[in-house]
Amino acid sequence: MNSNQLTESQLKAYAEDGYVLVPGMLDPKEVGMLGRTAREDRVLDQHSFGRADGEGGTVRLSLWNHPTETIYGMIARSESLVGCAEQILGGEVYHYHSKMIMKDAKIGGAWAWHQDYGYWYQNGILFPDLTSASIAVDKATKENGCLQVIRGSHKMGRVDHVLTGDQAGADMERVTKCLERLELVHVEMEPGDALFFHANLLHRSDQNKSEQPRWSMICCYNAARNDPYKESHHPRYTPLQKVADAEVLKAGTKRFGDNSDSDAAWLVAEKDTSATSLDKQA
Ligand code: SIN
Ligand code: MN
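Here's a quick rundown of the structure.

Parameters and conventions
- Residues numbered from 1 in each chain as written.
- Chains lettered and ligands numbered in written order.
- Predicted model: local features only at pLDDT ≥ 70, side-chain atom pairs only at ≥ 80, totals over all residues.
- Heavy atoms only, no water.
- Pairing = 2+ DSSP bridges.
- Helix = DSSP H or I, 4+ residues; strand = E, 2+ residues; numbered from the N terminus.
- Axes fitted to C-alpha atoms, helices over the stretch in contact; angles between N-to-C directions.
- Contact = heavy atoms within 4.5 Å.
- Donors = N, O, S within 2.8 Å, 3.2 Å for Na, K, Ca; no water.
- Buried < 20%, exposed > 50% of the residue type's maximum accessible area, 1.4 Å probe, protein only.
- Salt bridge = Lys/Arg side-chain N within 4 Å of Asp/Glu carboxyl O.

Some details on the sheet that holds strand β13 (residues 214–223)
Reasoning step 1: Ordered by their spatial adjacency, seven strands build an open sheet running β1-β11-β6-β13-β4-β3-β2, and the pairing between neighbours is antiparallel. Every interior strand has two partners, whereas the edge strands, β1 (19–22) and β2 (49–52), have only one. Between one strand axis and the next, the sheet turns through 25 degrees on average, direction left out of account.
Reasoning step 2: Relative to strand β11 (residues 194–198), β1 is paired through four bridges, and the arrangement is antiparallel. Residue pairing for β11: V20 is matched across the bridge by F196.
Reasoning step 3: Relative to β13, helix α2 (residues 28–39) is tilted by about 100 degrees, and along the sheet it contacts β4 (93–103), β6 (130–136) and β13.
Reasoning step 4: Seen against the sheet, helix α5 (residues 79–89) touches β4, β6, β11 and β13 and runs at an angle of roughly 50 degrees to β13.

Next up, the structure:
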């Protein structure tokens, strides 16, 4: 793992743009291990669920609330990743959840424009003091539906969200107007790159009509001081046990499917995430 600390200019870019791309957060060996492990993880697969994208496709993802002892957990708990989240949020953070976005070749669905805080707001979180680290498992390109962001849109604050398909999407009148003033950026990424983005950054992605899968793992962190005031399907403040970066490789192929029933217990069932109400969106 690339021992990482964000520089002053990266932190400035995050504050200004609402995101910062950190190339090579995971080295090729680590991200190769992550990809192989995830694709062979039967339990991860069995817990995946779909959500209609309103464009005739379906997104697929698996989601878990506590980081666990798996390779996924070692990444989410690693000093480098957590350290960057702490720099961004200005203090102690805890793991809010992680998810594997499984945008499969040919059939991977689209994500509608949204802000994560558009729905996390419903979970009793008072401030948008959360950040997500999206780690490219596969190379992400325009062709396979890479993440798109509107640069600087986090400065609009929270926009109203409504259901589109099964997904909670941002009010499109606002998004359209915002796109007339701010830049739309396709965030193309190499495997192992990490994109940190603000909870109020507008983002979406296209369907994957290409031959290449586009999986990514997103680790979401909340500031410890921003403990939700009520229970929801994601955890309230829970101290995060950081690990040395070297633990990622040591975890090897440790996955939900291996003798780790206690880890698998943290996978969130579809019924608890379905977006029949906005507060249950991932
Ligand atoms: C998300 O917003 O959780 C996923 C978006 C993507 O990776 O395409
Ligand atoms: Mn999102």
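Now that the structure is up, let's keep going.
A word on the coordination of the manganese ion (ligand 2)
Reasoning step 1: Bound to the manganese ion (ligand 2) on the protein side are H114 (NE2), D116 (OD) and H203 (NE2), at distances that span 2.2 Å.
Reasoning step 2: Site description for the manganese ion (ligand 2): donor spacing in sequence, H-x1-D-x86-H. Of the two residues, D116 sits in helix α6 (residues 116–120) while H203 sits in strand β12 (residues 203–205), which places them 87 residues apart along the sequence.
Reasoning step 3: On the basis of relative accessibility, which here comes to 3%, the residue D116 falls in the buried class.

Some thoughts on the pattern of salt bridges
Reasoning step 1: Per the stated rule, a full pass over the model turns up 18 salt bridges.
Reasoning step 2: Between D138 and R39 there is a salt bridge whose closest N-O contact spans 2.4 Å. Here D138 is found in the loop between β6 and β7 (147–150), whereas its partner R39 is found in helix α2, with 99 residues between them in sequence.
Reasoning step 3: With a relative accessible area of 40%, R39 lands in the partly exposed category.
Reasoning step 4: Connected through shared salt-bridge partners, D17, R151 and E183 make up one network.

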